[in-house]
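Architecture and fold: a report
Single-letter residue listing:
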Amino acid sequence: MSFLVNTASNQNSKPTTQLRHDWSIDEVNELFTLPFNDLMFQAQMVHRQHFDPNQVQVSTLLSIKTGACPEDCKYCPQSARYDTGLEKERLMEVEKVIQRAQEAKAAGSTRFCMGAAWRNPRDKDMPYVTEMVKEVKKLGLETCMTLGMLSRAQALSLKQAGLDYYNHNLDTSPEFYGDIITTRTYQDRLNTLDNVRDAGMNVCSGGIVGMGETSSDRSGLLVQLANLEHHPESVPINMLVKVEGTPMESVEDLDYFEFIRTIAIARIMMPKSYVRLSAGREAMNEQMQAMCFMAGANSIFYGCKLLTTSNPETHEDVMLFRKLGINSKQTREYSDEAHEAALIEEIEDKTLNEIFYDASTKKADKASV
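Residues numbered from 1 in each chain as written. Predicted model: local features only at pLDDT ≥ 70, side-chain atom pairs only at ≥ 80, totals over all residues. Heavy atoms only, no water.

Digging into the overall build of the chain
Counting secondary structure elements, the chain contains 13 helices and 11 strands. The 369 residues of the chain split such that 59% are buried. Summed over its atoms, the accessible surface of the chain is roughly 15500 Å², and 48% of this surface lies on carbon and sulfur atoms. (Helix = DSSP H or I, 4+ residues; strand = E, 2+ residues; numbered from the N terminus. Buried < 20%, exposed > 50% of the residue type's maximum accessible area, 1.4 Å probe, protein only. Areas by Shrake-Rupley, 256 points an atom, 1.4 Å probe, with all protein chains shown as cover.)

Written out as structure tokens, the structure reads:
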């Protein structure tokens, strides 16, 4: 493969990083079999050609409508088909969303993502979600939403409201997809990505690993993403978080090195995309997260919750960034007052039932983004 460097013979060579949209499964499978150090070297070289290696984009994700989703995604506690102890909630009020966005900006986030557990938004809900977009934009934040499948008209409506990114994951390879979801097709997902792209928005699309898929399935997911006409601007790589009550609660754990390899190969295949270290971070120690950043991950979510998924506390991420020298200007400006406010806010989230559930009385539940 022409983009590979013989690291043993020429440490100063640079890999070829032209954008490609013609990857084959065999090529990607070959990347998965590289010695780990060689793969990491390749990914880091590609990463440094397009990004500052010590800068990580920070987003905050808020569930604006939780639970009662009619889909049967086997990993998801928000499906109405599974008993995971999750209480359904109505669409959040615009004012509360804006309050959360203000808090996210104060904590250092640059993008605010809003997710709703829908198969697709209903027309009567669109005025509320477009108003959320408009108000969050006024705060100077980038905006992202994940609302399920979108029609062409709905995508245009969100674009006109100012939405910057739309998230719609492919989840896994086409071959393994039917083992995970039956209520919407792979083509349904691709159609939504087409509608988002045609409307002029940035695409956020990735998948979940550790669902019992093969290494070739992980290659297949990355091939689908990298062979789109335009690479997604943001590629979230989720590690499955097993939730009691879902069909995947007992699936075998994925080896952590295989997860890091997936991050590195996503970086090599999509050199200019932000690769987001997404769900599953709570189970990763600092050393594993540092390896993911070295592999090319350069986006994370701040905050103690991803939709319904546990996530490292904001102050833990700030401390890790300080240790690694990541976002040094931003972490210096994260004042003691802001740190204290973030901690108080996280405590309130766990003890009050104004927006999220009371974690002391209900089952902890998890999902992916």
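Examining unusual backbone geometry
Of note in this structure, D171 is not a glycine but carries a positive phi near 75 degrees. Along the chain, the position of D171 falls in the loop between β4 (165–167) and α6 (174–177).

Re the packing of aromatic side chains
The tally for this structure, following the rule as stated, stands at four aromatic pairs. An angle of 85 degrees between the planes, with centres 5.1 Å apart, marks the rings of Y177 and Y186 as edge-to-face. Judged by its relative accessible area of 10%, Y186 is buried. Above the face of the W23 ring, R20 is positioned so that its terminal group lies 4.1 Å from the ring centre. Between the NZ or CZ atom of R276 and the centre of the ring of F301, over which it lies, the distance is 4.5 Å. (Phe/Tyr/Trp six-rings, centres within 6.5 Å; stacked < 30°, edge-to-face > 60°. Lys NZ or Arg CZ within 6 Å of the ring centre and 35° of its normal.)

A short note on the packing of helix α3 (residues 94–106) against helix α4 (residues 126–138)
Two elements in contact, α3 and α4, have axes separated by 10 Å at closest approach and are oriented at 30 degrees. Relative to α4, α3 is oriented roughly parallel. When you trace α3 past α4, the crossing you get is right-handed. Between α3 and α4, the contacting residues are V94, V97, I98 and A101 on the first element and Y128, E131, M132, E135 and V136 on the second. Each residue belonging to the contact of α3 with α4 can be placed in one class, and the counts come to seven nonpolar, no polar and two charged. (Axes fitted to C-alpha atoms, helices over the stretch in contact; angles between N-to-C directions. Parallel < 35°, antiparallel > 145°, perpendicular 65-115°, else oblique. Left-handed = near helix turned anticlockwise from the far one by under 90°. Contact = heavy atoms within 4.5 Å. Nonpolar A, V, L, I, M, F, W, Y, C, P; charged D, E, K, R; others polar.)

Here's the deal with the environment of Q224
Its location among the elements puts Q224 in helix α8 (residues 215–226). For Q224 and T172, which are 52 residues apart along the polypeptide, the C-alpha to C-alpha distance reads 9.1 Å. Once residues lying within four places of it in the same chain are set aside, the contact partners of Q224 are L170, P174, Y186 and L190.

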